[in-house]
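Okay, here's what each chain looks like letter by letter:
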Amino acid sequence: MLINALIQVGIFAALVTIISVPLGLYMARVFSGEQTFLDPILRPLERLLYRLAGVHPDREQGWAEYAVSMLLFSGVGMVLLYAIERLQLFLPLNPQHLSAVPSDLAFNTAASFTSNTNWQAYAGETTMSYLTQMAGLAFHNFVSAATGIAVAIAVIRGFVRRNASTLGNFWVDLTRAVLWILLPLSIVGALVLIWQGVPQNFSPYTQVTTLEGAHQVIAQGPVASQEIIKQLGTNGGGFFNANSAHPYENPNPLTNLLEMLAIFAIAAGLTHTFGQMAGDRRQGWALFAAMAILFLIGTTAAIWAEQKGNPQFAAMGVDQHASALQSGGNMEGKEVRFGIVNSALWATVTTDASCGAVNSMHDSFTPLGGLVPLVNMQIGEIIFGGVGSGLYGMLVMAVMAVFIAGLMVGRTPEYLGKKIESREMKLAMLFILIFPALILIPAGIAVVIKPGLAGISNPGPHGFSQILYAFTEAAANNGSAFAGLNANSMFYNVALAIIMLGGRFLMKVPVLALAGSLAGKRTVPPSAGTFPTGGVVFVVLLTAVILIVAALTFFPADALGPIVEHLAMVQHQLF
Amino acid sequence: MPERKATALWDRNIVNGALRDSIRKFDPRIQARNPVMFVVEVTAAAVTVILLRDVIAGSKLIGFELQIAIWLWFTVGFANFAEAMAEGRGKAQADNLRRTRTETQARQIKEGREIMVPATSLRRGDVVLVKAGEVIPGDGEVIEGVAAVNEAAITGESAPVIRESGGDRSAVTGGTTVISDWIKVRITANPGETFLDRMISLVEGAKRQKTPNEIALSILLAGLTIIFMLVCVSLYPFALYGGTPLSLPVLVALLVCLIPTTIGGLLSAIGIAGMDRLVQHNVLAMSGRAVEAAGDVDTLLLDKTGTITLGNRMASEFIATLEVSLEELADAAQLASLADETPEGRSIVVLAKRNYNLRGRELAEKDAQFIPFSAQTRMSGVDVGGRRIRKGAADQVVKFARDNGGAIPAELAPIVERISRSGGTPLVVADGPRILGVIHLKDVIKEGIRERFARLRAMGLRTVMITGDNPLTAAAIANEAGVDDFRAEATPETKLQLIRDEQAQGKLVAMIGDGTNDAPALAQADVGIAMNAGTQAAREAGNMVDLDSNPTKIMEVVEIGKQLLITRGALTTFSIANDVAKYFAIIPALFVIGYPELQSLNIMHLATPQSAILSAVIFNALIIVALIPLALRGVKYRPLGAASILSRNLLIYGLGGVIIPFIGIKAIDLIISALQLA
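In this report, we go over the structure that sits alongside the text. (Residues numbered from 1 in each chain as written. Chains lettered and ligands numbered in written order. Predicted model: local features only at pLDDT ≥ 70, side-chain atom pairs only at ≥ 80, totals over all residues. Heavy atoms only, no water.)

### Comments concerning the pattern of salt bridges
In step 1: Summed over the entire model, instances satisfying the criterion amount to 42 salt bridges over all chains.
In step 2: Ionic pairing is found between Asp173(A) and Arg157(A), a salt bridge with its closest N-O pair at 2.8 Å. In this pair, Asp173(A) is assigned in helix α7 (residues 170–195) and Arg157(A) in helix α6 (residues 130–160), connecting sequence segments 16 residues apart.
In step 3: Two residues, Glu83(B) and Lys25(B), come together in a salt bridge whose shortest N-O distance is 2.6 Å. One end of the pair, Glu83(B), is in helix α4 (residues 62–100); the other, Lys25(B), is in the loop between α1 (12–24) and α2 (28–31), with 58 residues separating them in the sequence.
In step 4: Connected through salt bridges with shared partners, the residues Arg411(A), Glu414(A), Lys419(A), Asp296(B) and Asp298(B) form a single ionic network. (Salt bridge = Lys/Arg side-chain N within 4 Å of Asp/Glu carboxyl O. Helix = DSSP H or I, 4+ residues; strand = E, 2+ residues; numbered from the N terminus.)

As structure tokens, then:
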């Protein structure tokens, strides 16, 4: 069992590391406007798009203009999606004649996909037409991811430029993220998935009679193309309700591995993009290492908790040990073709990155196993994190770590030679503050009002975990679910939509302002007295600061949810 | 270096004064300056109100609530006390200074007449006469005369210093005493703006402004406070869901334990104590900003003369030409130098006496005529008994010998070159047409300077030596002293340009200066330390004044700056790390009824829920007091590389900060249960 876990996690971790370097360096070339092998095809297309949209690619924007462009683009995209959902009955590509999406659900879904959360309070196959899925949802899968990448690149520029007043051009960064990164990777990935058996068609659902004579409707559609961008863009919104646990989304262990790699690839690569653009690759590796450590801690804890299973069952004489015939452990809500390790690993990966695609039901995890995804999100989706958002979130934490401990080397804090002063501290603090506010305040309200309590499906601490999880994933733009919560109600649709938008855009603005402020500074060259941010000490410090900040903020809440549930389980009480 | 005596840490007078001041500081208007402690005060007041309500209603929790309230007020009080202690130490020094600012009378010169006026009525531009035994009535510039001045009131050094008009020693400070002769002084500061006044207000911390890094840190602390308020406020409904209504006092206890009260309470004390430490080293910083900047300095500009070398070159060797004996050379050299009052000249006389037992002679009898040094001839000497002895720059003396019909020995040029190359100054000696030999004048490097530069290098500072010498000489001295870089043939403009160049690369530059022509560079430098003995212009241009006029003082200044920042960082880290243990104490205690399972988190096995909460609150308050000495003295600074300092401090204050409260809270809990307080 241990060997099995080591091999599977080891292969995955090694592949992420190997892929991240060339991808990261490629992205650095793309956003620095250097030559790439795709230029002959994409340059003319890019120029055409700029001409059509009236974009002047050489005109750079200050942080405020960059932020306004980003907000306008996202706002218009959200309104369009809402319109498509409401009007889908009158639009083509709706062979099932699915009716208009209700207004609160449509609002929730529009907010969800615009904010790269892809929380789904609906079942895709019975709610969304093919057009809505492809033109509405898949469009956002691309552009919300590209928006994240663009902002991350702008933030990197803020850290590495000196005496500059601009951070780049949002429209250029957005276009390049889609054309050079997301599209090519998606095309290749989708073809691989089709080869592995994932459907890609526009057929109406197939009606079949099963061997038992029962009547069954088999849903299908353009799945492969949706599936790959859902992972690459850390979107996570499944084509089907069962998400990546559905055999048409994720048929076998190979696709499972590839899809997990797709979730981490861009976010991991961006750390090297950062190192490359900063002119010191070790800076990128340091962030990568901190992320990797946190990932491995989470994975180990989740696999351990799930493999250990439920002591209550053991007391009843149920064999939960792994053996040649069974994977043992807690298999409730997991697919047999993935088993414990690949389910727990996926749960960690999807919540480290703000993906939210699931191949097992987190609600059915053991309390501690379920705590891992929860904590991963509470850390702020920076363990590789959402594409783009993971990197800039990590950079804000690096600024914090440098500020708290950097003083201890006897210099005023600096990161990459940029002095961290009160303006930067204000913006970093704002960024860090917004996140717990978005989780704790609404969760505090939801647990005492009727519409909030109506959604939970289990009593006691587990019900509390469901609510806490829902607001956490919304603020973290994750979109995975402790599926037990019935969130398709007016209260949850609206509340979660607002939190998702806040978790995305309220945080993007201060981080862009922070980058703008840093870009204008001069760079202090490093000396023997400078805080070394490319080494082991910094990695340990950064990891510790991240864990302590998250623990201090969320320990009381977690103690009343998964922790107390675990302690109760040990003492023979289940919820 | 006469260090101002550091006041004992727990000096009785200071402690008494601080106790009084800490009561005054409970005023919410004063607390509002410090968001963390303000929150504590507000919540303490809230708990007190609840307590009063419960006293009236007769609840059985009164004993517990009373203790919580008391310790919350103590928390505020301890922080007040820390700040008052730091201020008190400054005030003690200020009082000493004030004593010197007695009401003096001044002889003002007005329209050629001398009138007696009170010192307080003097304004900038007035001219006063100060005679022996009188106190100089205000800061000013000597415009006439020369006098010995006792500056003990300012520097603590009782040896008198010479102040004279013109040159680089013309500034005088109000409150100092003329002990011989007289001087005319043009007053340069209005009453209330004098050096003494500024010094008093600085050490008292009365007009203390938060420094940039202090502001940034306050923002971080305020942010953390808001986060913990969110945590505690949301915990109320969360607990309600679990069927455990929490009372305000326990929520407040949790909040106060979590917010960074340790650093919040000690932050201003750390800043004041940093300024105080500088004053103890006889350095006055004109702003806290300059002290912070000192910790960040990347490049240090040092004048060669006076800083790296003893002010003067000394004769170290006589090298005779082939046909001349060493005694003859030494004799001629001594003769030529007898009337030479420069330190170089005197050192030649001394060397001849020491090595060749040549006594100084009375030359007046011999009808000797001295030829003084001039910039044109670049040599000096003596005409005595028909001999015309000259010593001076090689080319000039060679020309002199040639003009007198002499031949130049072939070995001369190599000797001269060897001395130059080694960093020395060759003085060629000629007697009429005969070239006798060469005197090797050597710059004497100050003792221990090499080690100091090594220390600076370990701190990450680059040292650049500035000298007017030629590049050859400069290189040799730079090498001997161990500086990282040097600029030869420098003019005052070179310094300014060098500072600008370094700053353009983003570096922070510190320099020391005394002369008026240093003023622009002092003003341009990020840390400019003016010598107190220097000119008024230099003193006004710099942002620090070294009262001892000791150029190597900059190293202490840099260390104090770094120490200040390290202390802040260490206590911040410690404060945040402390929270981990407090959670383990308080969370299980809060939910003992609703979720008894959480008792397994009570890993310290604290006796009762009340004693657990109380212990955490008491620990939180007492740790402030326990850390006052550290805040006032500062964390010890060792000149190691940044990475090793960091890992060391992280281990002590980070890991230590996690572990210590577990021990402390447990110990307090044992005491509380033994006393049956909860």
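What follows continues from the structure just given.
### A closer look at the interface of chain A and chain B
In step 1: Taken together, the contact between chain A and chain B spans 62 residues of the former and 60 residues of the latter.
In step 2: A combined buried area of about 5000 Å² lies between chain A and chain B, and 78% of that area is made up of carbon and sulfur atoms.
In step 3: At the surface where chain A touches chain B, the tally comes to two salt bridges.
In step 4: A salt bridge links Lys419(A) to Asp296(B); its shortest N-O distance comes to 3.2 Å.
In step 5: Of all the elements in the fold, those that place two or more residues in the side of chain A that touches chain B are α14 (389–406), α15 (422–446), α17 (460–475) and α19 (536–570) of chain A.
In step 6: Among the residues making up the side of chain A that touches chain B, the classes are represented as 43 nonpolar, 14 polar and five charged. (Contact = heavy atoms within 4.5 Å. Buried area = accessible area lost by both parts, 1.4 Å probe. Nonpolar A, V, L, I, M, F, W, Y, C, P; charged D, E, K, R; others polar.)

### Notes on the packing of aromatic side chains
Residue and element names in this part refer to chain A.
In step 1: Counted according to the given criterion, the structure contains 33 aromatic pairs over all chains.
In step 2: Between Phe-12 and Phe-264 the ring centres are 5.7 Å apart and the planes differ by 35°, which places this aromatic pair in the tilted class. Within this pair, whereas Phe-12 is found in helix α1 (residues 2–31), its partner Phe-264 is found in helix α9 (residues 253–277), the two being separated by 252 residues in sequence.
In step 3: With relative accessibility at 0%, the residue Phe-12 sits in the buried group.
In step 4: Its relative accessible area of 1% is what places Phe-264 among the buried residues.
In step 5: The structure contains a cluster of three or more aromatic residues connected by ring pairs, namely Phe-12, Phe-264, Trp-285, Phe-288, Phe-295 and Phe-384.
In step 6: Sitting over the ring of Trp-180, Arg-176 keeps its end group 4.1 Å from the ring centre. (Phe/Tyr/Trp six-rings, centres within 6.5 Å; stacked < 30°, edge-to-face > 60°. Buried < 20%, exposed > 50% of the residue type's maximum accessible area, 1.4 Å probe, protein only. Lys NZ or Arg CZ within 6 Å of the ring centre and 35° of its normal.)

### Focus on helix α4 (residues 103–114) of chain A
Residues and elements named next belong to chain A.
In step 1: If you check α4, its first and last C-alpha atoms are 16 Å apart, about what 12 residues at 1.5 Å a residue would give, namely 16 Å.
In step 2: Summarising burial for α4: 10 of the 12 residues are buried, a large majority.
In step 3: Of the positions making up α4, those classed as buried are Asp-104, Leu-105, Ala-106, Asn-108, Thr-109, Ala-110, Ala-111, Ser-112, Phe-113 and Thr-114.
In step 4: In this structure, the buried residues of α4 make contact with α3 (63–87), α5 (124–127), α6 and α18 (490–519).
In step 5: Positive phi shows up at Asn-116, right after α4, with a value of about 65°. (Expected span 1.5 Å × (residues − 1).)

### Side note on the environment of Val16(A)
Residue and element names in this part refer to chain A.
In step 1: Structurally, the position occupied by Val-16 is in helix α1.
In step 2: The class of Val-16 is buried, set by a relative accessible area of 6%.
In step 3: Along the chain, Val-16 and Ala-268 lie 252 residues apart, while their C-alpha atoms are 7.3 Å from each other.
In step 4: Leave out the neighbours within four places in its chain, and Val-16 touches Leu-261, Phe-264 and Ala-268.

### Regarding the pairing of strand β1 (residues 105–110) of chain B
Residue and element names in this part refer to chain B.
In step 1: Of the pairings in the sheet, the one linking β1 to strand β2 (residues 113–118) comprises six bridges and is antiparallel in character. For Ala-106, the partnering residue across the bridge sits in β2 and is Val-117.
In step 2: Linkage of β1 to β2, two consecutive antiparallel strands, is achieved through a turn of two residues, within which Glu-111 is found at a positive phi near 50°.
In step 3: Two strands pair when backbone bridges link them, and β1 and strand β3 (residues 127–131) are joined in this way by two bridges, in the antiparallel orientation. (Pairing = 2+ DSSP bridges.)

### What about the sheet that holds strand β16 (residues 462–466) of chain B?
Residues and elements named next belong to chain B.
In step 1: Spatially, the seven strands line up as an open sheet ordered β8-β20-β19-β18-β9-β16-β17, and their pairing is mixed. In this open sheet, the two edge strands, each paired with only one partner strand, are β8 (283–285) and β17 (485–487). On average, each strand axis in the sheet is tilted by 20° relative to the strand beside it, whichever way the strands run.
In step 2: With four bridges connecting them, strand β18 (residues 509–513) and strand β19 (residues 527–531) associate as parallel partners. Paired with Gly-513 across the strands is Ala-530, a residue of β19.
In step 3: Sheet strands touched by helix α20 (residues 554–590): β8, β9 (299–303), β18, β19 and β20 (544–546). Its angle to β18, the strand with the most contacts, is close to 145°. (Axes fitted to C-alpha atoms, helices over the stretch in contact; angles between N-to-C directions.)

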